[in-house]
Amino acid sequence: VECLNILLVEDNQVNQLVASSLLKKLGHSVDLANNGKLALEALEEKHYDIVLMDCQMPVMDGYEATRIIRENPKWQTLPVIAVTANVMQGDRENCLASGMNDYITKPYNRNDLKTAIERWAPDSPVGQEPT
């Protein structure tokens, strides 16, 4: 997968560092937003290939931000990958119900990130629903 512009929406600084360094090592360009509201502002400013969206954040959480993203016609096909610390029953359903395409769990794992990004990268031959 060539270099992608990825928006990392994450309020925890340690997680920001871990995830952005993993993404950079995978060869991608990363911008950070601390919450859903800032993510929406960032999307207005610049084109992103993929959004990694933390679900639990202050100000505006990932579910609400994703619902707003999906209401905007120009972002309808933007891949949003949820990042959640919870793997409770129902979390996956909540993520998908709010319009997210896929999800990965914390702590950030290089292989999970790589797999999710490859699955949702524009022009990816793999681009398909998670099983």
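Whatever comes next refers back to the structure up there.
Residues numbered from 1 in each chain as written. Predicted model: local features only at pLDDT ≥ 70, side-chain atom pairs only at ≥ 80, totals over all residues. Heavy atoms only, no water.

> Where do I start with the pattern of salt bridges in this structure?
A side chain with one charge may pair with a side chain of the opposite charge, provided their charged atoms come close. This structure, assessed with the given rule, holds 7 salt bridges. In this structure, the salt-bridge partner of Lys-74 is Glu-44, at a minimum N-O distance of 3.3 Å. Of this pair, Lys-74 sits in the loop between helix H3 (62-71) and strand E4 (80-84) while Glu-44 is found in helix H2 (residues 36-45), placing the two residues 30 residues apart along the sequence. Accessibility expressed as a relative area gives 53% for Lys-74, which makes it exposed. We classify Glu-44 as partly exposed; its relative accessible area is 49%. We note a salt bridge from Lys-114 to Glu-118, for which the minimum N-O separation is 3.0 Å. One end of the pair, Lys-114, and the other, Glu-118, are both in helix H5 (residues 110-120), 4 residues apart, so they sit about a helical turn from each other. Exposure remark for Lys-114: the relative accessible area of 35% places this residue in the partly exposed category. Linked through salt bridges whose partners overlap, the residues forming this network are Glu-10, Asp-54 and Lys-106. (Salt bridge = Lys/Arg side-chain N within 4 Å of Asp/Glu carboxyl O. Helix = DSSP H or I, 4+ residues; strand = E, 2+ residues; numbered from the N terminus. Buried < 20%, exposed > 50% of the residue type's maximum accessible area, 1.4 Å probe, protein only.)

> I would appreciate a short explanation of the packing of helix H1 (residues 13-25) against H5 in the present structure.
The description of two packed helices rests on the angle between their axes and on the distance between the axes. Viewed as axis vectors pointing N to C, H1 and H5 meet at an angle of 60°, and their least axial separation amounts to 10 Å. One way to sum up the angle between H1 and H5 is to call them oblique. Note on packing geometry: the crossing formed by H1 with H5 is right-handed. Across the interface between the two elements, Ala-19, Leu-22 and Leu-23 from H1 touch Arg-110, Leu-113 and Ile-117 from H5. For the contact of H1 with H5, the class distribution of residues is 5 nonpolar, no polar and 1 charged. (Axes fitted to C-alpha atoms, helices over the stretch in contact; angles between N-to-C directions. Parallel < 35°, antiparallel > 145°, perpendicular 65-115°, else oblique. Left-handed = near helix turned anticlockwise from the far one by under 90°. Contact = heavy atoms within 4.5 Å. Nonpolar A, V, L, I, M, F, W, Y, C, P; charged D, E, K, R; others polar.)

> Is there a simple way to think about the pairing of strand E3 (residues 50-54) in this case?
Across a regular strand the side chains alternate sides, sitting on one face of the sheet and then on the other. With 5 of 5 residues buried, E3 lies mostly within the body of the structure. Burial along E3 is two-sided: Ile-50, Leu-52 and Asp-54 and Val-51 and Met-53, pointing in opposite directions, are all buried. Alignment of strand E1 (residues 5-9) against E3, held across 4 bridges, turns out to be parallel. Paired with Leu-7 across the strands is Val-51, a residue of E3. (Pairing = 2+ DSSP bridges.)

> What is the right way to look at the packing of H2 against H3 in this model?
Put simply, H2 and H3 touch, their axes get as near as 8 Å, and they point 30° apart. Our classification of the angle between H2 and H3 gives roughly parallel. Seen from above, H2 lies across H3 with right-handed handedness. Across the interface between the two elements, Gly-36, Leu-40 and Leu-43 of H2 pack against Ala-65, Ile-68 and Ile-69 of H3. Split into classes, the residues belonging to the contact of H2 with H3 amount to 5 nonpolar, 1 polar and no charged.

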